[in-house]
Amino acid sequence: MSPRGPAGPRAARAPALVMGAGAVGCWIGGCLQADGTPVTFVGRPRVLDALRAHGLTLTDLEGGTRSVPPAALTLRDSLQGIAPPALVLLCVKSGATASAATELAHALPPGTPVVSMQNGLSNAAAAQAAAPALSVRPGMVPFNIAELAPGHYHRGTTGVLAAQDHPLLREWQPRFAQAGVPLQLHSDLAPLQWGKLLLNLNNAVNALSGLPLRAQLLQREYRLCMAALIDEALAALRVAGITPAKLTPLPPAALPAALRLPTALFRLLASRMLRIDAKARTSMADDLVHGRSTEIDALCGEVVRLARRHGTAAPVNERISELVRSWPSDPRPRSGAELRAALGL
Ligand SMILES: NC(=O)c1ccc[n+]([C@@H]2O[C@H](COP(=O)([O-])OP(=O)(O)OC[C@H]3O[C@@H](n4cnc5c(N)ncnc54)[C@H](OP(=O)(O)O)[C@@H]3O)[C@@H](O)[C@H]2O)c1
């Protein structure tokens, strides 16, 4: 798949560990493993059994396919007796960060580098607090990964992985690039994390719509909801003096107006700036369907807290958080008009 480069002979490659083998962990870890970096996947029986049975298949919206056979996968349901990795990719959902980091702290030598590949703003700090002896850095995954079938993970959008700069991560950059997941390093990741969070505000809209991402974004009523959530976040960021990074061809401040365009115009604009295939869906949608707790508090909740810290409010983000939390007692997809009404728009 990828050219040999400066990362050295395959046999000498230092191992990586994915903590939380799910969509993101199987995708990024799978790309590294497919390129010859030994990766240990630590995860739950549901995922590990599928990998044992089917191996790992990675597809993407450019039409690429890679696969790793079961025999080439190192799968563990705990960290017990694990060989110390050179790099840990922390890929659990926000609600599992503290417990996963505590497990890592008990199993790994002090100083082991950990990159949080999670959404939101607070996961790296939460992991560092739970594992003070490890060296945790925030990362940012800009693209969408969906599990299409057991062991089959699909990247349905585009973007470049990012992480906070660290000398060790510079050493890993050629390996990530060779594996087809280039990693950009930044001295301050917070603007990128906020830029990503603005886009992730749609996760709640998408989850409540019950639709795949592309189909949901092509309905204006849903886009009006997303625009209102982003408006509030931009207002809170302005008051806080934070400038979010631009992760799409449009600057963050222009996103709400673009989302409010009539669908024919939005479709035209999106065809030039957004690549989302019909298979992409958000992990929050999966969480609601499977009755798992969601990351709503790490996404819309982060906006609510930022607004409050600066003496303002983010009522639309508060309301949609409530709707997501109340899904188990009222598990019914909302039409765009129903969602707008429920958000008071
Ligand atoms: N999917 C995407 O498109 C995407 C894109 C960008 C960023 N992200 C972010 O990446 C993070 C991971 O998302 P994801 O979609 O990959 O989640 P996921 O598919 O749910 O994968 C996480 C896996 O880790 C498992 N896990 C939790 N605690 C564990 C532990 N202590 N030991 C072993 N396994 C553990 C989970 O099991 P349980 O279900 O039992 O907890 C789950 O199977 C989130 O912060 C998400 O927002 C996701």
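Residues numbered from 1 in each chain as written. Predicted model: local features only at pLDDT ≥ 70, side-chain atom pairs only at ≥ 80, totals over all residues. Heavy atoms only, no water.

1. Concerning the packing of aromatic side chains
Under the criterion given, the structure shown has 1 aromatic pair. Above the face of the Trp172 ring, Arg175 is positioned so that its terminal group lies 4.1 Å from the ring centre. Stacked on the ring of Phe266, the Lys or Arg Arg223 has its end atom at 4.2 Å from the ring centre. (Phe/Tyr/Trp six-rings, centres within 6.5 Å; stacked < 30°, edge-to-face > 60°. Lys NZ or Arg CZ within 6 Å of the ring centre and 35° of its normal.)

2. With respect to the site of the ligand
Residues in close proximity to the ligand total 26 residues, the closest being Val24, Arg44, Asn119, Ile145 and Glu295. Ala23 places a polar main-chain atom, nitrogen or oxygen, 3.0 Å from an oxygen atom of the ligand. Note that an oxygen atom of the ligand is positioned 3.4 Å from one of the backbone N or O atoms of Met117. Surface burial for the ligand is 87%, taken as the share of its 880 Å² of free accessible area covered by protein chains. Mapped by element, the contributors of at least two residues to the shell around the ligand are α1 (23-34) and α3 (97-107). (Near = heavy atom within 4 Å. Polar contact = N/O pair within 3.5 Å; in protein donor to acceptor, adjacent residues only side chain to side chain. Areas by Shrake-Rupley, 256 points an atom, 1.4 Å probe, with all protein chains shown as cover. Helix = DSSP H or I, 4+ residues; strand = E, 2+ residues; numbered from the N terminus.)

3. Concerning the sheet that holds strand β6 (residues 87-90)
Ordered by their spatial adjacency, 8 strands build an open sheet running β5-β2-β1-β6-β7-β8-β11-β12, and the pairing between neighbours is mixed. At either end of the open sheet lies a strand with only one pairing partner, and these are β5 (74-76) and β12 (183-186). Each strand axis lies, on average, 25 degrees off the axis of its neighbour in the sheet, ignoring direction. One ladder, built from 4 bridges, connects strand β11 (residues 161-164) with β12; its direction is parallel. From the neighbouring strand, Ala162 faces β12, where its bridge partner is Gln184. Docked against the sheet, helix α4 (residues 123-130) engages β6, β7 (113-116) and β8 (135-140), running at close to 165 degrees with respect to β8. (Pairing = 2+ DSSP bridges. Axes fitted to C-alpha atoms, helices over the stretch in contact; angles between N-to-C directions. Contact = heavy atoms within 4.5 Å.)

4. Some details on helix α7 (residues 202-209)
Across the 8 residues that make up α7, a large majority, 8, are buried. Here α7 has its buried residues at Asn202, Asn203, Ala204, Val205, Asn206, Ala207, Leu208 and Ser209. After α7 finishes, the residue Gly210 shows a positive phi value of roughly 75 degrees. (Buried < 20%, exposed > 50% of the residue type's maximum accessible area, 1.4 Å probe, protein only.)

5. Points about the nonpolar core
In terms of nonpolar packing, the biggest core is built from 49 residues, with Leu201, Leu208, Ile230, Ile320 and Leu339 touching the most fellow members. The dominant element in this core, judged by the number of residues it contributes, is helix α9 (residues 220-240), at 11 residues. Filtering out sequence-adjacent residues up to four positions away, Leu208 remains in contact with Leu288, Ile320, Leu323, Val324, Trp327, Arg332, Pro333, Arg334 and Leu339. (Core = buried A, V, L, I, M, F, W, Y, C linked by side-chain atoms within 4.5 Å.)

6. Here's the deal with the side chain of Ser209
Secondary-structure assignment places Ser209 in helix α7. Overall, the relative accessible area of 5% leaves Ser209 in the buried class.

7. Details of the pattern of salt bridges
Counted according to the given criterion, the structure contains 18 salt bridges. The salt bridge partner of Asp165 is Arg170, with a shortest N-O separation of 3.0 Å. Judged by its relative accessible area of 28%, Asp165 is partly exposed. You can call Arg170 partly exposed: its relative accessible area is 46%. Taken together, the shared-partner salt bridges in this structure form one network comprising Asp297, Glu302, Arg305, Glu322 and Arg325. (Salt bridge = Lys/Arg side-chain N within 4 Å of Asp/Glu carboxyl O.)

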